[in-house]
Amino acid sequence: MFQFNMKPLHQDSDHGLRGCFYADDMQHRTRHRAATLESDLTLDVAIIGAGFAGLSTAAGLLARGCGELAVFEAGEVGAGASGRNGGFIMGGYSLSPQALIRQLGEAAAERLYQLTVTAQQSIKSRIRSQAMDCDLVDQGIVLADRFDRTADLQALQQTMNHQLGADWQCLTPAQLREWVRCDHYHAGLYEPQGAHFQPLAYAHALAAQVTAGGAQVYAHARCEQVQRKAGRWSLQMYSNGVSHRVNCRHLVVCCGGYIKGLNLPQAKGTLPIATFMVATEPLGDELEQILPADAAVYDNRFAFDYYRKSRDRRLLWGGRISTRQRSRAWISARLHADMVRLYPQLRKVRIEHAWGGLMAYTRNSMPEIRQHGDKHWSATGFGGHGVATTALAGELLAAAVCGEHADYRQFARYRADPVYGVAGMAAAQGFYWWQQLRDRLRLL
Ligand SMILES: Cc1cc2nc3c(=O)[nH]c(=O)nc-3n(C[C@H](O)[C@H](O)[C@H](O)COP(=O)(O)OP(=O)(O)OC[C@H]3O[C@@H](n4cnc5c(N)ncnc54)[C@H](O)[C@@H]3O)c2cc1C
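Presented here is an overview of the structure given in this document. (Residues numbered from 1 in each chain as written. Predicted model: local features only at pLDDT ≥ 70, side-chain atom pairs only at ≥ 80, totals over all residues. Heavy atoms only, no water.)

## What to know about the packing of aromatic side chains
Going by this rule: Stacked, tilted and edge-to-face pairs are distinguished by plane angle, under 30 degrees for stacked and over 60 for edge-to-face with tilted covering the rest, among Phe, Tyr and Trp rings (Trp via its six-membered ring) whose centres lie within 6.5 Å. For the purposes of this entry, the term helix denotes a DSSP run of H or I that reaches at least four residues, the term strand denotes a run of E that reaches at least two, and both are numbered from the N terminus. For each residue, the accessible area found with a 1.4 Å probe, counting protein chains only, is set against the maximum for its type, and the residue is called buried under 20%, exposed over 50%, and partly exposed in between. Here, a charge over a ring means that NZ of Lys or CZ of Arg falls within 6 Å of the ring centre while also lying within 35 degrees of the ring normal.
Enumeration according to the criterion identifies 20 aromatic pairs in this entry. Where Phe-52 meets Tyr-202, the ring centres are 5.4 Å apart and the plane angle is 70°; that geometry is what we call edge-to-face. Of the two residues, Phe-52 sits in helix α2 (residues 52-63) while Tyr-202 sits in helix α7 (residues 199-212), which places them 150 residues apart along the sequence. Just as Phe-52 is buried, Tyr-202 falls in that class too. Ring geometry for Phe-431 and Tyr-432: centres 6.3 Å apart, planes at 55°, overall tilted. Under the relative-accessibility criterion, Phe-431 is labelled partly exposed at 41%. Above the face of the Trp-233 ring, Arg-228 is positioned so that its terminal group lies 4.6 Å from the ring centre. Taking the ring centre of Trp-330 as reference, the NZ or CZ of Arg-326 above it sits at 4.4 Å.

## Structural notes on a nonpolar patch on the surface
The line we're drawing: Patch criteria: residues need more than 30% relative accessible area and no salt bridge. Like-charged residues are merged within 9 Å; nonpolar side chains of Val, Leu, Ile, Met, Phe, Trp and Tyr are merged within 5 Å. Only the protein chains shown count as cover for residues, with accessible areas throughout obtained via the Shrake-Rupley method and a probe of 1.4 Å. Each reported salt bridge corresponds to a side-chain nitrogen of Lys or Arg within 4 Å of a carboxyl oxygen of Asp or Glu.
There is a patch of nonpolar side chains on the surface, built from Phe-431, Trp-434, Leu-437, Leu-441 and Leu-444 and spanning about 590 Å² of accessible area. Turning to its location among the elements, Phe-431 is positioned in helix α12 (residues 421-443).

## Structural notes on the packing of helix α4 (residues 106-129) against helix α11 (residues 386-401)
For clarity, the threshold we go by: Every angle, taken between N-to-C directions, lies between 0 and 180 degrees, and every axis is a line fitted to C-alpha atoms, over only the stretch in contact when it is a helix. Relative orientations are named as follows: roughly parallel for angles under 35 degrees, roughly antiparallel for angles over 145 degrees, roughly perpendicular for angles from 65 to 115 degrees, and oblique for any other angle. Here, residues are in contact when the closest pair of their heavy atoms is within 4.5 Å. Residue polarity is assigned by list, with Asp, Glu, Lys and Arg as charged and Ala, Val, Leu, Ile, Met, Phe, Trp, Tyr, Cys and Pro as nonpolar; anything else, Gly included, falls into the polar class.
In the contact formed by α4 and α11, the axes pass within 8 Å of each other and the chain directions differ by 95°. As judged from the angle between their axes, α4 and α11 are roughly perpendicular. Contacts between α4 and α11 involve Leu-115, Thr-116, Ala-119, Gln-120 and Ile-123 from the former and Val-387, Ala-388, Thr-389, Ala-391 and Leu-392 from the latter. Here the contact of α4 with α11 is composed, by residue class, of seven nonpolar, three polar and no charged.

Below, the structure is given as structure tokens:
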């Protein structure tokens, strides 16, 4: 019988990580102790949001010797999408490679794609050089074909390798089985630069690096309002029910899909889209029957399954997208059913954790990395490809804030245009249903 260990319902709105496997896993690791905001502050740079985007920007600024800066987080460090994601360190953007080339032309698209490959490398180098305890598994990522359309797969490989400068490898069905043993897959592609890690542990390690570099990371410090006064930014912050003022020269907004309610243009241009994950009980040798190697795996449907092994030999399984948050019981039942559809032998496996998180999407499925106005910077809209792209955004914004270079302008075309609230969410949900229906018909 399918079983689920019930724990209290996880509410995303509280910026908490209850139900999330990674939060329980942190009990065995060193957690970074974030600071508490207890007074007014005057800073050079204030960064809102301690997800990967905010923390990477802070690390980039510190590496450049930027003056006084701090990161302010409404919940705990990594409590947004960054600390709850699949942990896939993958190249590219949520926008498809074909669309990227169509929109920018081959040369510019290749440049933007290669920035994400550099970001993959820089995350891995940072983890190794700082000896970060976050289970980096540098064994690539496999894209498995659900549709038995070899020509489509080969066309994608050609696009990636010949137009974007990647080196993805085609896997025959027999080769694919060396990575993943599933009767519903046909052939596959292998991204050798891909890797995976424990994302919450990485967020904590990054926060520790930022703090060691001389900046503060404040947890439970919510920015409620932003004002421009006499050429400076004035932020109204709430921490433990007490209001404080933070004045700064530069404001960097990295609030992802959790930005709701902030009086900034980024809030109007963000579609918060939910996706979900579960963790099984530890599986022992059974796991090798599914994943004989250590690569992470996803498939080529619109709302794909994504999964990998944890250090303690659980199957960490993600999937589905929705404009609605779901209860942990819903997530657990649906994702377990998805898992069993592919791997019937997992029917009796216990699901021990179930959680969801919000990704930030823009209307164009590309991140917004830009300057909004005078000393007002934005890094948002990373969608489901946020691990590597947030590292890249952090570097670009840090260089821009320090006046080093303005390479962020390569993203000038991509803005978080208004998404029109409920109407935008309804349109997005309609689009998802349509894509999912198309995938189901293609599978018949
Ligand atoms: C379940 C799931 C699986 C995913 N899997 C993958 C994957 O495998 N690979 C991949 O590349 N991407 C994945 N993604 C996407 C990726 O996690 C995100 O794109 C990325 O983490 C976004 O980082 P961020 O820093 O922009 O946002 P977040 O990590 O969401 O951080 C934003 C932070 O801002 C804080 N905040 C918001 N408003 C305020 C305020 N007013 N004051 C103070 N703080 C505030 C929030 O609390 C939050 O911590 C996944 C996402 C989810 C939800």
